[in-house]
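If you want the building blocks of each chain, they are given just below.
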Amino acid sequence: MLRVCLLAGLVALTGAPVSAQPPTPSLREQAETGDVEAAYAYGYSLSFPEEGEPDTVTSLYWLARAADQDYPPANYMLGVLYRDGFGVDPDIDRARAFFELAWQAGDPVAGHDLAELMLYDYDNEREEAVTLLESLLSDPEIGPLARLTLAETLMFDSEAEEDAIRAVMLAGDVLTQQPDLVRAHYLIGIGAAEGYGGPVNHEAARTAWEAGAEASDSLALMALADSWLDPEWGEPDPVEALALYQLADEIGGTDTAEATTALAASLAPDALQRAASRREAWMIRMGWDLASD
């Protein structure tokens, strides 16, 4: 009797009959109705689940369903999966095709990744890639990364000094806009070391590379180590160089393993101990956990 009274009171308060709410449809159920955003979200969640193992086969099916409806994020994500070989055999041509579809639909991130493919995986497409990157520089989302990619291209894939000078300027802009793109420190250090746009300044170069090294950039670590072995930069310090080379090797992305081995073999045991101490000091500067080393 009490329950009937309570229900009657609730009906009177709400002005509507009390009834059980239907359960919210699952993401898969929404996708099965043809909802393109749900199809993409469901496919993405299967490739990158919060828990458990990825189901890339089913993920590809749903991402392809969304891509068939010209949904740019789905085309972009399929490009990423085929580029990186995540759950599928790597296929650069297929990745490029998906990136192009997403870029043509206005996805700036896809445009950047398409430009990178053109630069690093295809021949004779540099100018088209540079033009694409130039078109992205003012984009609020991807502009800083496009600047960094363009700066690296101008620095390392051109023999014109004006391109190198512009690369240094772009790298400075990158750090102003997005400081976590730490590879820019490496480019700024090269500019100071080579005198692009001003006099050669070894101190400024080391300062830039130290900033990159503290942010765990392997190329900055390598360049800084090289500088400590060059007598033109002052008194060589092979102990400091070894510590930096070892850290660069641990991070990866550099071709320093042979130099590290040769340098270690040339040092006396006490010098090796000092190098180990300096390596630990650098790890502290870099915010690494010494306990896990």
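So, here is what we can say about the structure in this document. Remember, it's a predicted structure, so these values are computed and weren't measured experimentally.

Glancing now at the environment of R183. On the secondary structure map, R183 appears in helix 11 (residues 183-194). Judged by relative accessible area, which is 24%, R183 ranks as partly exposed. Sequence-distant contacts of R183, defined by excluding residues within four places in its chain, comprise L148, E152, D217, S218 and L219.

This paragraph deals with the packing of aromatic side chains. Across all of its chains, the model carries ten aromatic pairs by this definition. By way of ring pairs, the aromatic residues Y40, Y44, F48, Y71 and F86 are connected into one cluster. Over the aromatic face of Y122 sits the side chain of R96, whose NZ or CZ is 4.6 Å from the ring centroid.

Following the sequence through the fold, P108 ends up in helix 7 (residues 108-120). Along the primary structure P108 and A215 are separated by 107 residues, whereas in three dimensions their C-alpha atoms are 27 Å apart. Beyond its immediate chain neighbours, meaning those up to four positions away, P108 contacts W103, L136, D139, E141 and I142.

On to the nonpolar core. Core analysis: the largest hydrophobic core is formed by 83 residues, its most contacted members being Y186 and W209. When residues no more than four places from it in sequence are discounted, the contact partners of W209 are H185, Y186, G189, I190, A193, A220, A223, L224, S227 and W233.

Right, let's get into the layout of surface pockets. Over the atoms, a rolled probe matching the size of one water molecule traces out where space is still vacant. Size it by volume and the largest pocket reaches roughly 200 Å³. Around the largest pocket, the lining comprises 14 residues; the ones closest to its centre are Y186, I190, E194, W209 and A223. Split into classes, the residues belonging to the lining of the largest pocket amount to ten nonpolar, one polar and three charged.

With that out of the way, let us pick up the pattern of salt bridges. Within the structure shown, the criterion is met by 16 salt bridges. Between R28 and E32 there is a salt bridge; the shortest N-O distance is 3.1 Å. You can see R28 and its partner E32 sitting in helix 2 (residues 27-32), four residues apart, about one turn around the helix. Salt-bridge contacts for R126 lead to D157; the nearest nitrogen and oxygen are separated by 3.1 Å. Taken together, the positions of R126 in helix 8 (residues 126-136) and D157 in the loop between helix 9 (143-156) and helix 10 (161-177) put the pair 31 residues apart, joining distant regions of the chain. The buried category is assigned to R126, whose relative accessible area is 19%. One salt-bridge network, in which partners are shared between bridges, spans R83, D84 and D113.

Moving on to helix 8. Those residues of helix 8 lying buried are R126, A129, V130, L132, L133 and L136. In a view along the axis of helix 8, the buried residues occupy a sector of 160°, so they form one face of it. Buried positions along helix 8 lie against helix 6 (92-104), helix 7, helix 9 and helix 10.

The backbone of N124 shows a phi angle near 60°, a positive value even though the residue is not glycine. In this structure, N124 sits in the loop between helix 7 and helix 8. Given a relative accessible area of 75%, N124 falls into the exposed group. With phi around 65°, S216 is a residue other than glycine that occupies positive phi space.

This part covers the packing of helix 4 (residues 56-68) against helix 5 (residues 72-84). Put simply, helix 4 and helix 5 touch, their axes get as near as 8 Å, and they point 140° apart. Overall, the two elements helix 4 and helix 5 adopt an arrangement that is oblique. The two elements helix 4 and helix 5 cross, and the hand of that crossing is left-handed. Residue-level inspection shows L60, L63, A64, A66 and A67 of helix 4 in contact with helix 5, the latter providing A74, N75, M77, L78, L81 and Y82.

On the surface, Y44, F48 and F86 cluster together to form a nonpolar patch covering roughly 250 Å² of accessible area. Relative to the helices and strands, F48 is located in the loop between helix 3 (36-47) and helix 4. Judged by its relative accessible area of 33%, F48 falls in the partly exposed class.

Moving on, we get to the packing of helix 9 against helix 11. Their axes nearest at 10 Å, the elements helix 9 and helix 11 cross at an angle of 30°. Regarding helix 9 and helix 11, the two cross each other, and that crossing is left-handed. Packed against helix 9, whose contacting residues are L148, A151, E152, M155 and F156, the element helix 11 presents R183, A184, Y186, L187 and I190 at the interface. For the contact of helix 9 with helix 11, the class distribution of residues is eight nonpolar, no polar and two charged.

Conventions we followed
Residues numbered from 1 in each chain as written. Predicted model: local features only at pLDDT ≥ 70, side-chain atom pairs only at ≥ 80, totals over all residues. Heavy atoms only, no water. Helix = DSSP H or I, 4+ residues; strand = E, 2+ residues; numbered from the N terminus. Buried < 20%, exposed > 50% of the residue type's maximum accessible area, 1.4 Å probe, protein only. Contact = heavy atoms within 4.5 Å. Phe/Tyr/Trp six-rings, centres within 6.5 Å; stacked < 30°, edge-to-face > 60°. Lys NZ or Arg CZ within 6 Å of the ring centre and 35° of its normal. Core = buried A, V, L, I, M, F, W, Y, C linked by side-chain atoms within 4.5 Å. 1 Å grid on protein atoms, 1.4 Å probe; cavity = no way out; pocket = protein on both sides within 12 Å on 5 of 7 lines; lining within 4 Å. Points joined across faces, edges and corners; volume = space filled by probe spheres on them. Nonpolar A, V, L, I, M, F, W, Y, C, P; charged D, E, K, R; others polar. Salt bridge = Lys/Arg side-chain N within 4 Å of Asp/Glu carboxyl O. Arc of directions from axis to C-beta. Axes fitted to C-alpha atoms, helices over the stretch in contact; angles between N-to-C directions. Parallel < 35°, antiparallel > 145°, perpendicular 65-115°, else oblique. Left-handed = near helix turned anticlockwise from the far one by under 90°. Patch = residues over 30% accessible without salt bridge, like charges linked within 9 Å, V, L, I, M, F, W, Y side chains within 5 Å. Areas by Shrake-Rupley, 256 points an atom, 1.4 Å probe, with all protein chains shown as cover.

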